[in-house]
Amino acid sequence: MKKVGIIGVGEYLPEKILTNADLEKMVDTSDEWITTRTGIKERHLAAPGEASSDLAFKASVQALNNAKIKPEELELIIVATITGDMSFPSVSAILQNKLQAKKAVCFDISAACAGFVYGLSVAQQFISCGTYKNALVIGSEVLSSITDWQDRNTCVLFGDGAGAAVLSEVKSGGIISTYLGCDGSKAGILNLPAGGSRNPATHETVEKRMHFLKMQGNELFKIAVNTMTQAAETVLKQAGLTFSDVDLIIPHQANRRIIMAVAKKLGIPEERVYLNIERCGNMSSASTVTALCEAVQEGKVKKGDIILLDAFGAGLVWGACVIEW
Ligand SMILES: CC(C)(COP(=O)(O)OP(=O)(O)OC[C@H]1O[C@@H](n2cnc3c(N)ncnc32)[C@H](O)[C@@H]1OP(=O)(O)O)[C@@H](O)C(=O)NCCC(=O)NCCS
């Protein structure tokens, strides 16, 4: 089996920034509540008409330049998203055309906030067994398009953005271990009820605001802490490593309190946890990959470092990955 690593990363955050002060004018909330309960100060919002493939394209160009790979060298593109441009075709197919990556096989993954880690794991299998040489894995979301801007329970939490990673065979280091999981019995805790085959769009579904995401935040909080802790423990055990070996944990950015509770349970000090939640909010599949990209760009990830990605989201699904950089 070949060793597979991330050889380039990129991100794109839309220009418009929505602050907590802006939200105070939209719903009954306060900067104080949002900051203390979530750790979020601001989030980026896509421009009207800007879709997931547009964000994915910009992040991908940066990642390909960073990896020094041309689009025509790509054989696989996987986009993790829950906010595709439309129900079909896939964002990855639209992106293939934008990039002119004509040789690439393309599909999307619906694994919500764990989507990027799921995508990494799938791409790793294809490369390690020799089917494909270079793959592009992206997390891209325009969550503002499914956010109910009248619901203070959810609208303060989410943001838009995209991150991309180029995967290829590497001589040393790379992905050491991945671990994925799912518990479909809790699918009702976080979902988007209408617009699919269960509740196709009607005047009634629109009037009942069923095209916006619904979440039982409190319930999720406890499950997220326990599941992310267990996923991190499992993937590290699989890798034959311990928490003292981890240089940086890059978790899904749903809530600062969730992340710090997980770090505390794992015994990982705060300075070894990477956060972009304050500036970006929760960008679902884009959160872990943009955080990874920023950590690399800021020089917080160096060659030989052990990094741990740890994500959790709607499904419920989870995924963790240990990488030697
Ligand atoms: C959503 C979340 C931030 C809410 O924080 P919480 O501490 O659990 O708060 P609660 O839901 O218990 O609500 C506490 C109170 O704040 C209120 N509240 C909710 N949103 C508010 C807001 N934006 N501004 C002010 N008050 C708000 C609630 O109405 C509730 O009021 P009540 O006690 O009068 O009913 C938190 O539960 C969370 O992050 N959950 C997990 C999110 C997650 O993991 N998402 C998906 C995975 S990707």
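Parameters and conventions
- Residues numbered from 1 in each chain as written.
- Predicted model: local features only at pLDDT ≥ 70, side-chain atom pairs only at ≥ 80, totals over all residues.
- Heavy atoms only, no water.
- Helix = DSSP H or I, 4+ residues; strand = E, 2+ residues; numbered from the N terminus.
- Rg over C-alpha atoms; globule rule 2.2 N^0.38 Å.
- Buried < 20%, exposed > 50% of the residue type's maximum accessible area, 1.4 Å probe, protein only.
- Contact = heavy atoms within 4.5 Å.
- Pairing = 2+ DSSP bridges.
- Domains from an automatic or database assignment.
- Buried area = accessible area lost by both parts, 1.4 Å probe.
- Salt bridge = Lys/Arg side-chain N within 4 Å of Asp/Glu carboxyl O.
- Nonpolar A, V, L, I, M, F, W, Y, C, P; charged D, E, K, R; others polar.
- Near = heavy atom within 4 Å.
- Polar contact = N/O pair within 3.5 Å; in protein donor to acceptor, adjacent residues only side chain to side chain.
- Areas by Shrake-Rupley, 256 points an atom, 1.4 Å probe, with all protein chains shown as cover.

Trainee: Tell me about the overall build of the protein, residues and numbers included.
Mentor: Assigned secondary structure in the protein consists of 11 helices and 13 strands. Here the protein has a C-alpha radius of gyration of 19 Å; the compact-globule value for 325 residues is 20 Å, and the two agree. Along the first, second and third principal axes, the C-alpha atoms of the protein reach 55 × 45 × 35 Å. Counting the 325 residues in the protein, one finds 54% classified as buried. Residue pairs in contact within the protein that sit at least 24 positions apart in sequence constitute 75% of those at least 6 positions apart.

Trainee: Account for the pairing of strand 12 (residues 306-313), naming residues and giving values.
Mentor: With respect to burial, strand 12 is a largely interior element, eight of its eight residues being buried. Note: strand 11 (residues 248-251) against strand 12, four bridges, orientation parallel. Bridging across to strand 12, Pro 251 finds its partner in Asp 310. Two elements, strand 12 and strand 13 (residues 317-324), share eight bridges in a ladder whose sense is antiparallel. Bridging across to strand 13, Leu 308 finds its partner in Val 322. Turn length for the strand 12-strand 13 hairpin, with the two strands adjacent in sequence and antiparallel, is three residues, and the turn residue Gly 315 shows positive phi of about 155°.

Trainee: Mind laying out the domain arrangement of the protein, listing which residues take part and the relevant values?
Mentor: As far as domains go, the protein holds domain 1 (4-172) and domain 2 (176-324). Taken together, the contact between domain 1 and domain 2 spans 49 residues of the former and 44 residues of the latter. Summing the contributions of domain 1 and of domain 2, the shared interface buries around 3700 Å²; its carbon and sulfur component is 64%. When the buried area of domain 1 at its contact with domain 2 is split by residue, Cys 113, Val 117 and Tyr 118 rank highest and sum to 17% of it. Linking domain 1 to domain 2 there are one salt bridge. Elements that contribute at least two residues to the side of domain 1 that touches domain 2 include exactly strand 1 (4-12), helix 2 (31-38), strand 3 (42-45), helix 5 (115-128), strand 6 (135-142), helix 6 (152-155) and strand 7 (160-169). In the side of domain 1 that touches domain 2, the residues fall into 21 nonpolar, 20 polar and eight charged.

Trainee: Lay out the site of the ligand in plain terms, naming residues and giving numbers.
Mentor: Not every one of the 23 residues close to the ligand is listed here, only the nearest: Thr 29, Arg 37, Arg 152, Asn 218 and Asn 255. One of the side-chain nitrogen or oxygen atoms of Thr 29 is found 2.7 Å away from a nitrogen atom of the ligand. Protein contacts shield 75% of the accessible area of the ligand, which totals 960 Å² for the unbound molecule. At the level of elements, helix 2, helix 6, helix 8 (217-239) and helix 9 (256-266) are the ones that each hand at least two residues to the shell around the ligand. A per-element tally of the shell around the ligand places helix 8 first, with four residues. Of the residues that constitute the shell around the ligand, the class distribution is 11 nonpolar, eight polar and four charged.

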